[in-house]
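Here are the chains, one letter per residue:
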Amino acid sequence: MARPRARRLGMARLGLLAAVPVGICAFAAWALGRDEHAPRAHAPAAGEAASCEELSPAARRGKRIYQRGATEDGRAVEGAIAGGAAALSGREAACAGCHGPSGEGTTEGGVTAPPLAAERRLAASGERGGGAGQGRGTGEGAMTAAALVTAIREGRGPAGQRLSPVMPRYRLADADLSDLVDYLGCVGRDLDPGVTMGSVALGAALPLTGPEAPVGAAARDVLTAAFAEVNARGGLYRRRLELRVEDSSGPAGEAGATARLLDRGVLALVGSAFDGDPALRARLSEERAPLVGPLALAGAPGLASGAGGAGAPGLAGGAPGRARDVAAGADDMVFQVLPGPDVLARVAVKHLAGAPANAAAAALVVHTRDRAGEAWASGAREEAAHRELPQLSTLPFEPGRLSPRDVADAARAHGAKAVLFWGPGAELASARAALDAAGSAVPIYASAGSIAGHAGALSRDLAGRVLFLYPGSLGERERASEEALRAFLRRAGVAPGPLGIQASAYVAAQIAIEALKRAGAHATREGLIAALERLRDFDAGPAPPVTFARNRRTGVLGASLLWMDPTSDTAVRASEWIEVVP
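These figures come from a predicted structure and were not determined experimentally.

What counts, and at which threshold
- Residues numbered from 1 in each chain as written.
- Predicted model: local features only at pLDDT ≥ 70, side-chain atom pairs only at ≥ 80, totals over all residues.
- Heavy atoms only, no water.
- Helix = DSSP H or I, 4+ residues; strand = E, 2+ residues; numbered from the N terminus.
- Buried < 20%, exposed > 50% of the residue type's maximum accessible area, 1.4 Å probe, protein only.
- Contact = heavy atoms within 4.5 Å.
- Disulfide = S-S within 2.5 Å.
- Pairing = 2+ DSSP bridges.
- Right-handed = clockwise from strand over helix to strand, strands pointing away.
- Salt bridge = Lys/Arg side-chain N within 4 Å of Asp/Glu carboxyl O.
- Expected span 1.5 Å × (residues − 1).
- Axes fitted to C-alpha atoms, helices over the stretch in contact; angles between N-to-C directions.
- Parallel < 35°, antiparallel > 145°, perpendicular 65-115°, else oblique.
- Nonpolar A, V, L, I, M, F, W, Y, C, P; charged D, E, K, R; others polar.
- Core = buried A, V, L, I, M, F, W, Y, C linked by side-chain atoms within 4.5 Å.
- Phe/Tyr/Trp six-rings, centres within 6.5 Å; stacked < 30°, edge-to-face > 60°.

A. Structural view of the overall build of the protein. Along its length, the protein carries 20 helices and 18 strands. When burial is assessed residue by residue, the protein has 57% of its 582 residues classed as buried. Residue pairs at least 24 apart in sequence account for 69% of intrachain contacts in the protein once pairs closer than 6 positions are excluded.

B. Seen up close, the state of the cysteines. Taken as a whole and assessed by the stated rule, the structure comprises 1 disulfide. Here C52 pairs with C186 through a disulfide, and the sulfurs are 2.0 Å apart. Measuring handedness by torsion sign, the sulfur bridge of C52 and C186 sits at about -75° and is left-handed. One end of the pair, C52, is in the loop between α3 (48-51) and α4 (57-68); the other, C186, is in the loop between α8 (174-184) and β6 (199-206), with 134 residues separating them in the sequence. Of the two residues, C52 and C186, both sit in the buried class.

C. A look at the pairing of strand β11 (residues 363-368). With respect to burial, β11 is a largely interior element, 6 of its 6 residues being buried. Side-chain alternation along β11 places A363, V365 and H367 on one buried face and L364, V366 and T368 on a second face that is also buried. Bridge count between β11 and strand β13 (residues 418-422): 5 bridges; the pairing is parallel. Considered in β13, the bridge of A363 is made with A418. With 5 bridges connecting them, β11 and strand β12 (residues 393-397) associate as parallel partners. Considered in β12, the bridge of H367 is made with P396. Considered for its hand, the β-α-β crossover made up of β11, helix α14 (residues 371-386) and β12 is right-handed.

D. Inspection of the pattern of salt bridges at higher detail. Summed over all chains, the structure comprises 29 salt bridges. For the salt bridge of D179 with R61, the shortest nitrogen-to-oxygen distance reads 2.8 Å. One end of the pair, D179, is in helix α8; the other, R61, is in helix α4, and 118 residues separate them in sequence. Exposure remark for D179: the relative accessible area of 8% places this residue in the buried category. Each of K63, D190 and D192 takes part in salt bridges that share partners, so that together they form one network.

E. Fine view of helix α13 (residues 341-354). With 14 residues, α13 should reach 20 Å at 1.5 Å per residue; the first-to-last C-alpha distance of 20 Å fits that figure. Counted residue by residue, α13 has 11 buried out of 14 residues, so it is predominantly covered.

F. The arrangement of the sheet that holds strand β2 (residues 86-89) in detail. Spatially, 3 strands are ordered β2-β1-β5 in an open sheet, and the strand pairing comes out antiparallel. The two strands at the open ends of the sheet, each matched to only one other strand, are β2 and β5 (169-171). Neighbour-to-neighbour, the strand axes of the sheet open up by a mean angle of 25°, direction not taken into account. Two strands pair when backbone bridges link them, and strand β1 (residues 78-81) and β5 are joined in this way by 3 bridges, in the antiparallel orientation. Along β5, the bridge assignment pairs A80 with R169.

G. The packing of α4 against α8, seen in detail. Look at α4 against α8: their axes get within 7 Å of each other, and the N-to-C directions meet at 95°. By the criterion of interaxial angle, the relationship of α4 to α8 is roughly perpendicular. Side by side, α4 and α8 meet where A58, A59, R61, G62, K63, I65, Y66 and Q67 of the first sit next to D176, D179, L180, D182, Y183 and L184 of the second. Counted by class, the contact of α4 with α8 contains 7 nonpolar, 2 polar and 5 charged residues.

H. Fine view of the nonpolar core. Membership of the largest hydrophobic core comes to 68 residues, with the highest contact counts inside it found for L202, L241, L267, L284, I511 and L532. Ranked by the residues each element gives to this core, the list is headed by helix α19 (residues 499-519), at 14 residues. If near-sequence neighbours (up to four positions away) are discounted, L284 is found in contact with T258, L262, L269, A289, L291, M333 and V334. Grouped together as the second largest cluster of nonpolar side chains are 30 residues, A411, A448, I451 and M564 included.

I. Representation of the pairing of β13 within the structure. Of all the 5 residues making up β13, 5 are buried; the element is thus mostly covered by neighbouring parts of the structure. Of the two faces of β13, the one lined by A418, L420 and W422 and the one lined by V419 and F421 are each fully buried. Looking at chain direction, β13 and strand β14 (residues 444-447) are connected through 3 bridges and run parallel. Bridged to L420 within β14 is Y445.

J. Quick peek at the sheet that holds strand β9 (residues 291-292). Ordered in space as β7-β6-β8-β9-β10, the 5 strands form an open sheet in which the pairing is parallel. Unpaired on one side and paired on the other, β7 (240-247) and β10 (334-335) mark the two borders of the sheet. Pairing of strand β8 (residues 268-270) with β9 involves 2 bridges; the strand directions are parallel. Note on β9: the bridge partner recorded for V270 is V292.

K. Molecular detail of the packing of aromatic side chains. According to the stated counting rule, one finds 5 aromatic pairs in the structure shown. Ring geometry for F335 against F548: centres 5.2 Å apart, planes inclined by 85°, an arrangement best described as edge-to-face. On the criterion of sequence distance, the pair formed by F335 in strand β10 and F548 in the loop between α20 (525-533) and β16 (558-565) is long-range, its members being 213 residues apart. Each of the two residues, F335 as well as F548, counts as buried.

Shape is all these values report; function is a separate question.
If you want it as structure tokens, here you go:
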């Protein structure tokens, strides 16, 4: 509860800052610019920009404080506003929250936080040797480092005046303050990994060898073509987009391929293979390296074809997520497009609970004993608890070793009004047959990915009984997006391949391109993250509109229910779109 409260207070602080010339970081840059014994943050002379491309160790530490509100050893920066009545800590206290990831300044609700990048700060103040517009012409004289510390810690200005109570009083050690000042001299001019004056490198860990090589090649070719299309129009802010690919089929798998990309230097990962590995997620979080539109190539049945049959584009399924998308928070760098198993299970429970006859229904959750299956069960339990349904029963099984009779016995023993099934389509069909044999007519919910690519006998075995959760577009939008995707592939000369994977790679590329546009000319990881968090109902092509936010890392939080028509072997809509909240 404390974190959301801090967020609201942070916004209130920004609103009250309308009457304050500068915030803490701008004040620091101004004051130290006047101190003859302190490093100066000044407009760069010719050639100075190059000195900021690779930051000094102190400036790198300062950058962490500026952008994350944390020191290199993990201590959260802390401050208090409104006379100590409200505390800010960590990211809520970071300078970038108000002044922007690149020190560009921000305006929200008519309130402006001034720019801190040296050139823009001086242009805003109209001075060449002073600061950010505070204390001009007051005769206050030089600001010593000790006086600056007093201002930051006690809220007193260079003439002893009290600064506005909404400006945080920070508990910032001397060494940390020095690091921050070092970085302020380069903010807006330093280059993040993968960025040069003429290019931005993006990475993808994809299977390029082994049985999944055609899948990796299909994703690689679409990503390359999407970036080439941007480059043909002049790039983004005169920078070309480059794709770097590492083989995820090697001994170290996705984690090793991703590590090699990060070591080589990429701004972000786009359309990269990701199966939800917690260690890899932690590595991305530590380096603040966003992964846009991951491809779940293992561990979860994806949507390799659309609802209309094997010829429809569809999308690859979302990676296994956490029980609550909000739990990932701003430290989760994986921006996935489609919902993972947890969200799909929540949709199933919401639909089940919405039927009057099932208002207090119990359900049996059958799932594979792996990361994806556990996510499915976790999501179902969470939604059931939210809706005050009876506690769900679970039946985990090893993939390929399901006992169909166990499903029927468990459903009868627990009085289940529905079965929520996560696993391969063949085992889903055997479970359905066992329930039929036991005289059970309860509905079965399953991911549409479980029968992807299995048009024919398997889908007929499941027709009329199983409700499939499908998070893609339907109807006219699906047809239009398929046509547009195929036109792009022809235009780019991309060879035919698994259309679901090609669609997923295309969506990932379009989201990354749009976010880079919105992030501005100074391409940074933090700027890209902030731009992604501001995407609302973005049309990326063959996917429903995508929305991300600070507490939302899944772009599509919902699905439609479909059932298979046994006479035509096609999918028929069984519900309207069902949305769940983060």
